[in-house]
Amino acid sequence: MQEDNKTLNMPHNLILEERKKLSVSGVTDVDSFDEQTVVAYTVKGEITVRGWDLHVSKLNLEQGGELTVEGEISSLTYTDVKPKSTGFFSKVLR
């Protein structure tokens, strides 16, 4: 339960540089990604990144929940969906 409090207190920030590089902190899990869509869960809800030639160039869920996406970013959308208990990377990184 202590880990849940740590996650809730995690800072959440977005930095979009020239619509080509997105840095996100406060990421708790990545649900899916391909060259057109990246879906991630953050401490503030689910975020969907859409664009072209998208690549996840950095993912660190352990320290600060950092995610970096590079490519042609066309939109960012939030939904208030709570993170699932398991996702793609949770299964891979076990």
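That block above? That's the structure.
Residues numbered from 1 in each chain as written. Predicted model: local features only at pLDDT ≥ 70, side-chain atom pairs only at ≥ 80, totals over all residues. Heavy atoms only, no water.

**Q** Pulling in residues and values, what's your account of the sheet that holds strand β6 (residues 66-79)?
**A** What the 6 strands build is an open sheet, ordered β1-β2-β6-β5-β4-β3; its pairing is antiparallel. Each having just a single partner strand, β1 (13-17) and β3 (27-33) make up the two edges of the open sheet. Going from strand to strand, the sheet's axes swing by 35° on average, the running direction of each strand aside. Bridging between β1 and strand β2 (residues 21-25) involves 5 bridges; their strand directions are antiparallel. Within the sheet, the bridge partner assigned to Ile15 lies in β2 and is Ser23. (Pairing = 2+ DSSP bridges. Helix = DSSP H or I, 4+ residues; strand = E, 2+ residues; numbered from the N terminus. Axes fitted to C-alpha atoms, helices over the stretch in contact; angles between N-to-C directions.)

**Q** Lay out the nonpolar core in plain terms, naming residues and giving numbers.
**A** Looking at soluble globular proteins, one finds that nonpolar side chains tend to be buried together. Core analysis: the largest hydrophobic core is formed by 12 residues, namely Leu22, Val24, Val27, Val30, Val38, Ala40, Ile47, Val49, Leu54, Leu67, Val69 and Ile73. Mapped onto this core, the elements with two or more residues apiece are β2, β3, β4 (37-42), β5 (45-60) and β6. The residues touching Val69, leaving out its near neighbours within four places in the chain, are Lys20, Lys21, Leu22, Val38, Leu54 and His55. (Core = buried A, V, L, I, M, F, W, Y, C linked by side-chain atoms within 4.5 Å. Buried < 20%, exposed > 50% of the residue type's maximum accessible area, 1.4 Å probe, protein only. Contact = heavy atoms within 4.5 Å.)

**Q** How would you explain the side chain of Thr37 if you had to name every residue and give the values?
**A** Among the secondary structure elements, Thr37 is positioned in strand β4. Take Thr37: its relative accessible area is 19%, and that puts it in the buried class. Setting aside its immediate chain neighbours within four residues, Thr37 contacts Ser32, Thr48, Val49, Arg50 and Leu54.

**Q** Tell me about unusual backbone geometry, and please be specific about residues and values.
**A** At Glu18, a residue that is not glycine, the phi angle is positive and equals roughly 55°. Counting through the fold element by element, Glu18 comes out in the loop between β1 and β2. Of note in the backbone geometry, Asp53 takes a positive phi value of approximately 50° without being a glycine. Residue placement: Asp53 occurs in strand β5. The exposure class of Asp53 is partly exposed, given its relative accessible area of 47%.

**Q** Tell me what's going on with the pattern of salt bridges, and back it up with residues and numbers.
**A** By the definition in use, this model includes 2 salt bridges. Note that Glu72 and Lys20 form a salt bridge whose closest N and O atoms lie 2.3 Å from each other. Here Glu72 is found in strand β6, whereas its partner Lys20 is found in the loop between β1 and β2, with 52 residues between them in sequence. Of the residues examined, Lys20 reaches a relative accessible area of 43% and is grouped as partly exposed. Its salt-bridge partner being Glu66, residue Lys58 comes within 2.6 Å of it at the nearest N-O pair. Residue class for Glu66 comes out partly exposed when judged on its relative accessible area of 29%. (Salt bridge = Lys/Arg side-chain N within 4 Å of Asp/Glu carboxyl O.)

By themselves these figures say nothing about function.
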